[in-house]
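Chain and residue survey
Letter by letter, the chains look like this.
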Amino acid sequence: MSIDEPQPTDSAGASATAPPRAAETPRSLAEALRSRGDDELAALLHARPDLLNPVPTDLTQLATRAGTRASVVRALERLDRFAQQVAEALAVAPEPATYGQVLALLAGDDGDPAVEPAFRRALATLHEQALVWGTDERLRLVRTARELLAPAPQHPSPTGLGPTVAEATAGMSPTRVQEIVTAAGLPTTHDPVSAVRSLTALFSDRERMSALLDEAPAESVEVLSRLVWGPPYGQVTADPARHLRWLIDRGLLLPTAPGTVVLPREAALHLRAGRAHRVLVPEPPAVGVAREHRPQVVDATAAGQAYTALATVEELLKDWDEGGPAVLRAGGLSVRDLKRTAVALDLPEPLAAFWVELAYAAGLLASDGEADERYAATPAYDEWQELPPAERWAALVTAWLAATRTAGLIGGRDGKDRTLSALGPHLDRSVAPEVRRRVLALLATLPEGAAPDPDTLLARLRWERPTASRRPADTAEPEDLRSRIARWTLNEAELLGITGRGALATHGRALLGGAAHQGAGDGGATGAGGAAGGPNAVGDAGAAGPGEQAALAAGLLAPLLPEPLGHVLLQADLTAVAPGPLERPLAEALSVIADVESKGGATVYRFTPGSVRRALDAGQSASDLHAFLAAHSRTPVPQPLAYLIDDVARRHGHLRIGAASAYVRCDDEALLDEILADKRSQGLRMRRLAPTVLAAQADPGTLLEGLRGMGFAPAAESPEGDVLVTRAHAHRTPPRSAPEPVPEGPPVPDATLLGAAVRAIRAGDLASTAPRKAAPAAEGELPRTTAAETLATMQAAVLTGEAVWIGYVNAEGTASQRVIAPVRVEGGFVTAYDHTADEVRTYPLHRVTGVAELADD
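Residues numbered from 1 in each chain as written. Predicted model: local features only at pLDDT ≥ 70, side-chain atom pairs only at ≥ 80, totals over all residues. Heavy atoms only, no water.

With that settled, consider the packing of helix α10 (residues 174–183) against helix α11 (residues 192–204). Between α10 and α11, whose axes approach to 10 Å, the crossing angle comes to 30°. In terms of orientation, α10 and α11 fall into the roughly parallel class. In the crossing of α10 with α11, the sense of the turn from one axis to the other is left-handed. Between α10 and α11, the residues in contact are Pro-174, Val-177, Gln-178, Ile-180 and Val-181 and Pro-192, Ala-195, Val-196 and Leu-199, respectively. Here the residues of the contact of α10 with α11 sort into eight nonpolar, one polar and no charged. (Axes fitted to C-alpha atoms, helices over the stretch in contact; angles between N-to-C directions. Helix = DSSP H or I, 4+ residues; strand = E, 2+ residues; numbered from the N terminus. Parallel < 35°, antiparallel > 145°, perpendicular 65-115°, else oblique. Left-handed = near helix turned anticlockwise from the far one by under 90°. Contact = heavy atoms within 4.5 Å. Nonpolar A, V, L, I, M, F, W, Y, C, P; charged D, E, K, R; others polar.)

Right, let's talk about the pairing of strand β19 (residues 693–696) for a bit. Here β19 shows two buried faces, one formed by Val-693 and Ala-695 and the other by Leu-694 and Ala-696. Sheet analysis places strand β17 (residues 662–665) next to β19, joined by four bridges and oriented antiparallel. Across the sheet, the residue bridging to Val-664 is Leu-694, located in β19. Between strand β18 (residues 686–690) and the antiparallel strand that follows it, β19, lie two residues. (Buried < 20%, exposed > 50% of the residue type's maximum accessible area, 1.4 Å probe, protein only. Pairing = 2+ DSSP bridges.)

What follows concerns unusual backbone geometry. In this structure, the amide linkage connecting Asn-53 to the following residue, Pro-54, adopts the cis form with an omega of -5°. Following the sequence through the fold, Pro-54 ends up in the loop between α2 (38–47) and α3 (59–66). Here Glu-95 and Pro-96 are connected by a cis peptide whose omega angle stands at -5°. Tracing the backbone through its elements, the reader meets Pro-96 in the loop between α5 (81–92) and α6 (99–107). Positive phi, normally seen in glycine, also occurs at Ala-273, with a value near 60°. When you line up the elements, Ala-273 lands in the loop between α15 (265–271) and β6 (289–292). Ala-273 sits in the buried class, given a relative accessible area of 18%.

With respect to the secondary-structure elements, Glu-391 resides in helix α20 (residues 389–402). Note on Glu-391: relative accessible area 41%, which makes it partly exposed. Distance from Glu-391 to Gly-555, taken between C-alpha atoms, is 8.3 Å for residues 164 residues apart in sequence.

Turning next to α2. With respect to burial, α2 is a largely interior element, seven of its 10 residues being buried. Turning to α2, its buried residues are Leu-41, Ala-42, Ala-43, Leu-44, Leu-45, His-46 and Ala-47. Each element contacted by the buried residues of α2 is listed here: α1 (29–34), α3, α7 (115–128) and α34 (751–769).

Another aspect to go through is the pairing of strand β23 (residues 829–834). By the bridge criterion, six bridges tie strand β22 (residues 815–826) to β23 in an arrangement that is antiparallel. From the neighbouring strand, Ala-821 faces β23, where its bridge partner is Tyr-833. Linking two consecutive strands that pair antiparallel, namely β23 and strand β24 (residues 839–844), is a turn of four residues; a positive phi of about 60° is found at Asp-838 within it.

Inspection of the secondary structure puts Arg-291 in strand β6. Distance in space between the C-alpha atoms of Arg-291 and Pro-452 is 7.2 Å, their sequence separation being 161 residues. Every residue in contact with Arg-291, bar those within four places of it in the chain, is listed here: Gly-449, Ala-450, Ala-451 and Arg-501.

Within the secondary structure, Trp-384 is located in helix α19 (residues 379–385). Through-space distance from the C-alpha of Trp-384 to that of Gly-363 is 9.8 Å; in sequence the pair is 21 residues apart. Setting aside residues no more than four positions away along its own chain, Trp-384 makes contact with Leu-310, Val-313, Glu-314, Leu-364, Arg-392, Ala-395 and Leu-396.

Below, the discussion takes up the sheet that holds β23. In space, the five strands of this open sheet follow the order β24-β23-β22-β21-β25, with antiparallel pairing throughout. Every interior strand has two partners, whereas the edge strands, β24 and β25 (848–853), have only one. For this sheet, the mean inter-axis angle between neighbouring strands, taken without regard to orientation, is 45°. Of the pairings in the sheet, the one linking strand β21 (residues 804–809) to β22 comprises six bridges and is antiparallel in character. Bridge pairing in β22 places Gly-807 opposite Gln-817.

Okay, α6 next. Within α6, seven of the nine residues are buried, leaving the element largely enclosed by the surrounding structure. Among the structural elements, α5, α7 and α15 are those in contact with the buried residues of α6. Where α6 ends, the next residue or the one after it, Gly-108, has phi of about 85°, a positive value.

In this section: the pattern of salt bridges. For the coordinates displayed, the defined rule picks out 36 salt bridges. A salt bridge links Glu-116 to Arg-120, with the shortest nitrogen-to-oxygen separation between them at 4.0 Å. With Glu-116 and Arg-120 both in helix α7 and four residues apart, the pair spans about one turn of that helix. Accessibility expressed as a relative area gives 23% for Glu-116, which makes it partly exposed. We classify Arg-120 as partly exposed; its relative accessible area is 39%. Among the ionic pairs, Arg-688 bridges to Asp-673, the shortest N-O distance being 2.0 Å. Here Arg-688, found in strand β18, pairs with Asp-673, found in helix α32 (residues 669–677); they are 15 residues apart in sequence, far enough to count as distant. On the basis of relative accessible area, Arg-688 is assigned to the partly exposed category, the value being 31%. What emerges from the salt-bridge pattern is a single network uniting Arg-78, Glu-434, Arg-465 and Arg-482. (Salt bridge = Lys/Arg side-chain N within 4 Å of Asp/Glu carboxyl O.)

The residue Ser-633 is located in the loop between α30 (622–632) and α31 (639–651) in this model. Within the structure, the side chain of Ser-633 is placed 2.5 Å from the backbone oxygen of Thr-635, a separation counted as a polar contact. Not counting residues within four places of it along the chain, the set of residues in contact with Ser-633 comprises Val-568 and Leu-570. (Polar contact = N/O pair within 3.5 Å; in protein donor to acceptor, adjacent residues only side chain to side chain.)

To continue, consider the sheet that holds strand β15 (residues 603–606). The sheet built from four strands is open, its strands ordered β12-β13-β15-β14 with antiparallel pairing. Strands at the two margins of the open sheet, each flanked by one partner only, are β12 (569–571) and β14 (595–598). For this sheet, the mean angle separating the axes of adjacent strands, direction not counted, is 30°. Pairing geometry for β14 and β15, over three bridges, is antiparallel.

This brings us to a negative patch on the surface. Among the surface-exposed residues, Asp-667, Asp-668, Glu-669 and Glu-674 lie close enough to one another that they form a single negatively charged patch. Looking at the element boundaries, Asp-667 is found in the loop between β17 and α32. (Patch = residues over 30% accessible without salt bridge, like charges linked within 9 Å, V, L, I, M, F, W, Y side chains within 5 Å. Areas by Shrake-Rupley, 256 points an atom, 1.4 Å probe, with all protein chains shown as cover. Lys, Arg positive; Asp, Glu negative; His and termini not counted. Charge placed at Lys NZ, Arg CZ, Asp CG, Glu CD.)

With respect to the helices, strands and loops of the structure, Thr-406 is situated in the loop between α20 and α21 (432–444). Since its relative accessible area comes to 3%, Thr-406 is described here as buried. Setting aside its immediate chain neighbours within four residues, Thr-406 contacts Leu-427, Arg-429, Ala-432, Ile-485 and Trp-488.

A separate point is the confidence of the model for the protein chain. When pLDDT is averaged along the protein chain, the result is 83; 88% of the residues meet or exceed 70. The secondary structure element of the protein chain with the lowest average pLDDT is helix α26 (residues 528–531), at 40, and the one with the highest is strand β11 (residues 503–504), at 96. Per-residue pLDDT stays below 50 along residues 4–23; that stretch engages in 58 contacts with residues further than four places along the chain or on separate chains. (pLDDT = per-residue confidence, 0-100.)

Listed below in structure tokens is the structure:
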């Protein structure tokens, strides 16, 4: 940027020190890891599971892997905001830095007592995750993290600081360095190194630096104020103005490239009162309460919404029962089909897309795989329908919590500017399950019945997991994906009945199990331990699994759901009112006899000639319908409804339609004359073949619908002349499994895997570091002995029970070093307890390159 652009300024500061911890200073990260206990190594592997793939052979390899760029970037991204700020401060501090130096960069010259407790927690997190190593007197950030976070012209530091005086003057001529030292009022030196050291000491001395700036022109101070909080680079002309020349001459602006100058780090820290960050956020922002409701009201509202969710999914799949929309060539649902589904569900398109995706995630919906591929219900849907309502709800919310498919993205565009369609590809976002659970966990920290303020909730989430950005923390950014998923989570949880009126319901808390209690008590602990489960989660056998949590939630929800009814109220206007949810057999039978007119707390069904004819086509008789209505109505069957059933039944099947091309058969010749005389039958192109038979050029289905549209009630018949009973055909896909969530990185290892991995790493480290009596000829080589020496040493070790060090080359040609305790030597094989693998193994002697005894100590 140009140094003439105005920038806001701010200043504050603090300083404090803490006594160093008494500990031996490690010389490398591997040595630091070697001093850790098994629990600490397990905590590291739990926090950074990518280090386990594959299991490192020893602690040196573990340290090397922990310093790779991909692993360090992932670990930094999973830190909370303050832990990131501590790492950023370490990147601009001297290397190695002391505890007091880093704390001073965070708290400033004046010292902020609230910073130190949070700093200790954040530093412990960085130590635990092997991003920082060393004692409090010699703290070191791993090299890759320093390279990522240290200031550079290509990527300025998130702190807004620039290079040090020594870095900025590297390559500058000794004469020019001496000129700067003289202009700053310092004595000349005999070499540029001491001159740079003297200038650095001046900029770091608060009193002398203040005295120097007191002599500066006002315009020069204004330029510094624009650069102090970053970016520290500015553009100057070949002949800079007088106030710029004053700064350049005294080294307060140092050239880095032709026409570019930078504010040195030491000078910027003086202007910032010693603070590395303009805005420091040591504590997580609290989640505010927007509204409060009685817990009973929240639970009742959530239960009602849960029942509506079940009804919506059932209605969706019933609408697709005979085969749903076609699958697009690129996969997914077309915009037109989504609109039709939204109209059928009487919902906006985004909500319809959410329910479609939820049914797909739960394994209730899939493509049928036919040549003319369509979406349809799966066999799992029939099993799901047989479950009690609360268990059906639990199945839906469990699928929602674990799904990586994100319905909120539908309608947007991907990286290649392609529209994202419902049920289509490219909707998976690996971070979605974690964000959903964290949002619910934060809701659980609020008092019962309290609905959160969404903005404070999003601020808390952004603190726990900041977006990957190299801009300063106070720079405005567009809403990131995690924040959008969090907003969608609040809406979707309400739709599913996990929350009611914005507050977490009792059965919603049960879904979280131990996570709710952990979220309530962690207070936003630093690092991944607070946001994603820290070392306390290692080996937590007492926590309930997702299935147990879902079962507990279903048990709490069940008493709140309305009981299904076995009756309706028939009315004289040819309607039936269901005052609540109906039992499944009654609801299915009633949906055949009548059409749904309105839904809500009470469902209204309307009887029409078409609906009654539909029941007759399904094999019911008029007497069956009368008996059914009388048995399930709390009111007498109205006379108009009885007349409607009898009238439709009397005419039903009077006309018979079969396949010739198609024909109409009727014993009443006058009725056939009436059909031929009707102008609406001209499109069917019928002609009389016999007094009681008409032939048509339309197919039987078209002829059947055409005559029904003219007001007749024909019935289809088989080639044998029997009436065909038509029932709705439920189209099902072959057995399908629900889509697998796309994980975000490697899975978090369980306690068993962690224990085995730690033992293997310890054993491998023992093999690589154990002292030997006979060292190899060169560092890194395997021991070399003759076959006779190898056999003799092995046999001696069997007699003495001692362990030996061997070199071994496996069948693939991979060489390794192992510490073994031989048990038996025979037939060209040695059977031994392998300390490296922590198990008994058998090795061919011809693959052992050599053997050496271990040192006595």
